[in-house]
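A closer look at the structure
Given next are the chains, with one letter for each unit.
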Amino acid sequence: MAHGEVRLPTVSRREVHCRSPLVTTPQVVQVEIVGPGGGTASFGSVNASFEYLPRPSFSSISRYVAPVGPDQSPVTLLAFGSQFDERYSYQCFFTLLSFKNQTYQTFAQRIDDQSLSCPLPTTTDLFLQRLLSGGPAFANVSVQAEWPTPGLGLAAASERVALSTAGRVLIYLRPSVASIWPDWGSTAGGSPVYVAGTGLNLGLAQQILCKFGDQIVTARVLTPSTLLRCMSPGNP
């Protein structure tokens, strides 16, 4: 390469593999193949230039609370940064801090040079089971940029650009009510009303309320995320 020489780790009659040397600024350089005797290989009519792309950077996310549905419906958040070149492919990583730093990976969609759409791993059964059994979880969000290996469409470890973690999101199951019983009570109030379902802890809410018409009472959690009890107010 015009910017610097690199050794060829793989050489055959039809193919050589080069690793680009480090540069400090984006630029376009010319590529040359030089043999042991100093001879230069001809590229014929092929354009033998190589472009160094700006390194992508990741700065923030669009939301810090994300309810997900038990029906595995898609939920996304936006990742903001700069230099999200369309020639890269991008992946998002969600590391659940309360589950031994277990990490889930999804493929991001590039929106423009400054934003990506990151789907949460809501289609992963194990991910949803973690939320069902363990309740809400904080996840560190990070993004990784890759460029494909010719002919394979995959990226080798040395062809990835890891971007720094710049966000933490609280993920919890969207509340779903399965039943309410009994469905009647005295006008004097004070009747216990039980609410069963999933995700009833509403993330990490400090207080859960039940509303009877226009009147609001505080609910008591009997079983975390699955069973509440509300005392009906008196009929005014």
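The preceding data block contains the structure.
Below or above, wherever it landed, is the structure these notes cover. (Residues numbered from 1 in each chain as written. Predicted model: local features only at pLDDT ≥ 70, side-chain atom pairs only at ≥ 80, totals over all residues. Heavy atoms only, no water.)

Turning to the overall build of the protein, a few remarks are in order. Assigned secondary structure in the protein consists of one helix and 20 strands. Partitioning the contacts of the protein with sequence separation of at least 6, the portion at a separation of at least 24 is 58%. Here the protein displays about 14500 Å² of accessible surface, and carbon together with sulfur accounts for 53% of that area. (Helix = DSSP H or I, 4+ residues; strand = E, 2+ residues; numbered from the N terminus. Contact = heavy atoms within 4.5 Å. Areas by Shrake-Rupley, 256 points an atom, 1.4 Å probe, with all protein chains shown as cover.)

With that settled, consider the sheet that holds strand S10 (residues 109-112). The four strands are arranged S5-S7-S11-S10 in an open sheet whose pairing can be described as antiparallel. In this open sheet, the two edge strands, each paired with only one partner strand, are strand S5 (57-61) and S10. Strand after strand, the sheet turns through a mean of 35° between neighbouring axes, direction not considered. Relative to strand S7 (residues 76-82), S5 is paired through four bridges, and the arrangement is antiparallel. Bridging across to S7, Ser-57 finds its partner in Ser-82. (Pairing = 2+ DSSP bridges. Axes fitted to C-alpha atoms, helices over the stretch in contact; angles between N-to-C directions.)

On to the state of the cysteines. Across all of its chains, the model carries two disulfides by this definition. Covalent S-S linkage joins Cys-92 and Cys-118, the inter-sulfur distance amounting to 1.9 Å. Judged by the sign of its S-S torsion, about -60°, the cystine formed by Cys-92 and Cys-118 is left-handed. Separated by 26 residues along the polypeptide, Cys-92 in strand S8 (residues 89-96) and Cys-118 in strand S11 (residues 115-119) bring together distant segments of the chain. Given a relative accessible area of 0%, Cys-92 falls into the buried group. Two residues share a disulfide in this structure: Cys-210 and Cys-230, whose sulfurs sit 1.7 Å from each other. (Disulfide = S-S within 2.5 Å. Buried < 20%, exposed > 50% of the residue type's maximum accessible area, 1.4 Å probe, protein only.)

A cis geometry characterises the amide bond from Trp-181 onward to Pro-182, with omega recorded as -10°. Inspection of the secondary structure assignment puts Pro-182 in the loop between strand S15 (176-181) and strand S16 (192-198).

Counting across every chain of the model gives five aromatic pairs. Between Tyr-104 and Phe-127 the ring centres are 5.1 Å apart and the planes differ by 75°, which places this aromatic pair in the edge-to-face class. Residue Tyr-104 is found in strand S9 (residues 102-107), and its partner Phe-127 is found in helix H1 (residues 125-134); the two are separated by 23 residues along the sequence. We classify Tyr-104 as buried; its relative accessible area is 7%. Ring pairing ties together the aromatic residues Phe-84, Tyr-88 and Tyr-90, which thus form one cluster. (Phe/Tyr/Trp six-rings, centres within 6.5 Å; stacked < 30°, edge-to-face > 60°.)

This brings us to the sheet that holds S15. Pairing is antiparallel in the open sheet, where four strands are placed in the order S15-S16-S20-S19. Looking at the sheet topology across the chains shown, the edges are occupied by S15 and strand S19 (220-223). The average undirected angle you get between the axes of adjacent strands in this sheet is 30°. Note: S19 against strand S20 (residues 227-231), three bridges, orientation antiparallel. Among the inter-strand pairings, Thr-223 is bridged to a residue of S20, identified as Leu-227.

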